[in-house]
Amino acid sequence: MNHSIKKEEILAAFEFRHATKEFDPTKKIAAEDFNFILETARLSPSSVGLEPWKFVVVQNPDLREQLRAVSWGAQGQMPTASHLVLILARKDARYDSDYFWQQMTGVKQIPADNVKNMMGRYQEFQEGDFKLMESERALFDWASKQTYIALGNMMTSAALIGIDSCPIEGFDRDSVDAILREEGLLENDQYGISVMAAFGYRVKAPRPKTRREADDVIRWVE
């Protein structure tokens, strides 16, 4: 197996990807390609394997316009993106929640006795190590961290097949949550908006990619 070709293809995808501010509204992503992007999100890793996320694909133009009104960083993307994904994070990813138990025993299929034996470790991790129980916001922000793993995988996967993307944080979080709550998309407030991502095809070439030098961001300790 020639690994060098794969490495070249992957680096080329990273060079290709940029935060696309405006997409070509006449070009739509094929269903097969977008399902591939969504599958890379679904298969993404998360801390303790909790998968504290939901991916809401918003194609309704009226809902996009409502979101656009409270999303200063998505003015060009909302009306032109082929696909818009709202990535939600769970608010109840506690070690002692019903969701935690169902994820461990139902999804991961860990025997109940084993989960009970691990609960002390998970409690120490959330309460002591990371102090996630200090506030609802701390726990939600931890869940949101996990969604960014899926976000990165989606954008990289899209770039690998020639599809552009843009991560979006430029919005009023409370206002977006209010809109989604009204639409019944937060599932009784079990979720909140974490981040958005727009996908499509660029209308113009981006500026050359700039990044800090490797020596500035990488340090080896041997």
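Fair warning: this is a prediction, and the values are worked out from it, not measured in the lab.

Asks: Describe in detail the layout of surface pockets, supporting the description with residues and values.
Replies: Estimated volume of the largest pocket: approximately 450 Å³. In this structure, the largest pocket is lined by 18 residues; those nearest its centre are His18, Ala19, Thr20, Pro206 and Arg207. For the lining of the largest pocket, the residue count by class is six nonpolar, three polar and nine charged. Each pocket or cavity is described by its volume, and for the second largest pocket that value is around 240 Å³. In this structure, the second largest pocket is lined by Lys91, Glu136, Arg137, Leu139, Phe140, Arg173, Asp174, Asp177 and Arg181. For the lining of the second largest pocket, the secondary-structure elements that each account for two or more residues are helix 7 (136-160) and helix 8 (173-182). Split into classes, the residues belonging to the lining of the second largest pocket amount to two nonpolar, no polar and seven charged.

Asks: Explain the packing of aromatic side chains to me, and be specific about the residues and the numbers.
Replies: One pass over the structure, following the stated rule, counts five aromatic pairs. Seen from their ring centres, Phe34 and Phe199 are 5.6 Å apart, and the 75° between their planes marks the pair as edge-to-face. Separated by 165 residues along the polypeptide, Phe34 in helix 2 (residues 31-42) and Phe199 in strand 4 (residues 191-200) bring together distant segments of the chain. Of the residues examined, Phe34 reaches a relative accessible area of 3% and is grouped as buried. Ring centres 5.8 Å apart and planes at 45° place the aromatic pair Trp53 and Phe55 in the tilted group. Under the relative-accessibility criterion, Phe55 is labelled partly exposed at 21%. A network of ring pairs unites the aromatic residues Phe125, Phe130 and Trp142 as a single cluster. A cation over a ring is seen here: Arg90 above Tyr99, with NZ or CZ 3.8 Å from the ring centre. The ring of Phe16 is capped by Arg202, whose NZ or CZ atom sits 4.1 Å from the centre of that ring.

Asks: Explain the pairing of strand 4 to me, using residue names and the numbers behind them.
Replies: For strand 4, a buried count of ten out of ten residues is recorded, marking the element as mostly surrounded by other parts of the structure. Relative to strand 4, strand 2 (residues 83-90) runs antiparallel, the two being bridged by eight bridges. The residue bridging Val85 from the neighbouring strand is Ala197, located in strand 4. Across five bridges, the pairing between strand 3 (residues 164-168) and strand 4 is antiparallel. What sits directly across from Ile168, in strand 4, is Met196.

Asks: Explain the packing of helix 5 (residues 98-107) against helix 6 (residues 112-129) to me, and be specific about the residues and the numbers.
Replies: Packing of helix 5 against helix 6 leaves a shortest axis separation of 10 Å and a crossing angle of 135°. Between helix 5 and helix 6, the angle falls in the class oblique. Relative to helix 6, helix 5 is oriented so that their crossing is right-handed. Contacts between helix 5 and helix 6 involve Phe100, Trp101, Met104 and Thr105 from the former and Ala112, Val115, Lys116, Met119 and Tyr122 from the latter. Among the residues making up the contact of helix 5 with helix 6, the classes are represented as seven nonpolar, one polar and one charged.

Reading the values: the criteria
- Residues numbered from 1 in each chain as written.
- Predicted model: local features only at pLDDT ≥ 70, side-chain atom pairs only at ≥ 80, totals over all residues.
- Heavy atoms only, no water.
- 1 Å grid on protein atoms, 1.4 Å probe; cavity = no way out; pocket = protein on both sides within 12 Å on 5 of 7 lines; lining within 4 Å.
- Points joined across faces, edges and corners; volume = space filled by probe spheres on them.
- Nonpolar A, V, L, I, M, F, W, Y, C, P; charged D, E, K, R; others polar.
- Helix = DSSP H or I, 4+ residues; strand = E, 2+ residues; numbered from the N terminus.
- Phe/Tyr/Trp six-rings, centres within 6.5 Å; stacked < 30°, edge-to-face > 60°.
- Buried < 20%, exposed > 50% of the residue type's maximum accessible area, 1.4 Å probe, protein only.
- Lys NZ or Arg CZ within 6 Å of the ring centre and 35° of its normal.
- Pairing = 2+ DSSP bridges.
- Axes fitted to C-alpha atoms, helices over the stretch in contact; angles between N-to-C directions.
- Parallel < 35°, antiparallel > 145°, perpendicular 65-115°, else oblique.
- Left-handed = near helix turned anticlockwise from the far one by under 90°.
- Contact = heavy atoms within 4.5 Å.

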